[in-house]
Amino acid sequence: MTEIPPPPAVTLSPIGVIESDYPDKFGIPRQPGLAPAARARLVLTPPFDDPLAVRGLEAFSHLWLTFVFHQSPLRWTPLVRPPRLGGNARVGVFASRSTHRPNRLGLSLVELLEIDTRRGVSLRLNGADLVSGTPVLDIKPYLPWAEARPEARAGFAPEAPLRCAVGFAAAAEATLTERVDGASLRELITQVLAQDPRPAYRKGAEQRTYGVRLRDVDVRFRALAADAGTRMEVVEIVPA
Ligand code: SAH
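Criteria and cut-off values
- Residues numbered from 1 in each chain as written.
- Predicted model: local features only at pLDDT ≥ 70, side-chain atom pairs only at ≥ 80, totals over all residues.
- Heavy atoms only, no water.
- Salt bridge = Lys/Arg side-chain N within 4 Å of Asp/Glu carboxyl O.
- Helix = DSSP H or I, 4+ residues; strand = E, 2+ residues; numbered from the N terminus.
- Buried < 20%, exposed > 50% of the residue type's maximum accessible area, 1.4 Å probe, protein only.
- Phe/Tyr/Trp six-rings, centres within 6.5 Å; stacked < 30°, edge-to-face > 60°.
- Lys NZ or Arg CZ within 6 Å of the ring centre and 35° of its normal.
- Pairing = 2+ DSSP bridges.
- Axes fitted to C-alpha atoms, helices over the stretch in contact; angles between N-to-C directions.

### Some remarks on the pattern of salt bridges
Taken as a whole and judged by the stated rule, the model has eleven salt bridges. Across the salt bridge formed by Glu173 and Arg186, the nearest N and O atoms sit 2.5 Å from each other. Of the two residues, Glu173 is situated in helix α2 (residues 170-178) and Arg186 in helix α3 (residues 182-193); the sequence distance between them amounts to 13 residues. Among the residues examined, Glu173 registers a relative accessible area of 28% and is labelled partly exposed. Between Arg179 and Asp181 there is a salt bridge; the shortest N-O distance is 2.7 Å. Note on Arg179: relative accessible area 22%, which makes it partly exposed. A relative accessible area of 15% means that Asp181 is categorised as buried. Bridged by salt links that share partners, the residues Asp21, Arg179, Asp181, Arg215 and Asp216 form one connected network.

### Some details on the packing of aromatic side chains
Using the criterion set out here, one finds three aromatic pairs in the structure. An angle of 25 degrees between the planes, with centres 5.7 Å apart, marks the rings of Tyr210 and Phe221 as stacked. Of this pair, Tyr210 sits in strand β10 (residues 210-214) while Phe221 sits in strand β11 (residues 217-226), placing them eleven residues apart in sequence. For the residue pair Tyr210 and Phe221, the accessibility class agrees, reading buried in each case. The ring of Phe168 has Arg186 sitting right over it, with the charged end atom 4.9 Å from the ring centre. Over the ring of Tyr210 we find Arg208; its NZ or CZ atom is 4.3 Å from the centre of that ring.

### Topic: the sheet that holds strand β7 (residues 122-126)
Spatially, the six strands close up into a barrel ordered β1-β2-β7-β6-β3-β8, and their pairing is antiparallel. Across the sheet, the mean angle separating the axes of adjacent strands is 45 degrees when strand polarity is ignored. The pairing of strand β1 (residues 16-20) with strand β2 (residues 39-44) spans five bridges and is classified as antiparallel. Within β2, the position partnered with Val17 by the bridge is Val43.

This is the structure in structure tokens:
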């Protein structure tokens, strides 16, 4: 028997970079589509910013992006603690969507709204779960007839996570009213906070105020105990 040689190392060049509503990792929902109001732009970089390279892509409504979790450490461990399991139970890294993984590769299904080829190429996207600055390695059109499998078993994450109710205090309401993007920002804040972005080990209701950065603002919120689970209250929205 001949021994199988180790596979060769590979070098990859990002084709573009993400500009998104998320300046910061903290608070980003854990899968795309959980905050469909999140806007992003994928700006292709030379030599990949050739309009020919995206010809025909406009006819697809959804895309797969492969990208690098560039803000995750290079270190990885075989076991990870998915937030879904409360941050205590461990599963194999390859049984998870953890950002702490070998090669730090990410995969997200996003909605394609528009392709702009006026200067280079940029794609307007909805629902991306990516921090601004994320390097993207590839784009592929999504094929629902081959890839949508609603009957599939989904291990420890069989259903979409529960959503919390979200309310806005008067000060936060006032800021939203003043902004031209008030309506879409409200929608984004609601979808992000509905996921309860607090760290898993803090999930009790407490008085502490947290901040999550969205677009150019810091959204200050706290968790209140409510009849049906936890309720998030936006205390104020301040410039970041
Ligand atoms: N849909 C992807 C991402 C799942 S993890 C996949 O399955 O591969 C989603 C988390 O990745 C988000 O909550 C966010 O905090 C984190 N994240 C997004 N962009 C990142 C980046 N560039 N580096 C490190 N972490 C990132």
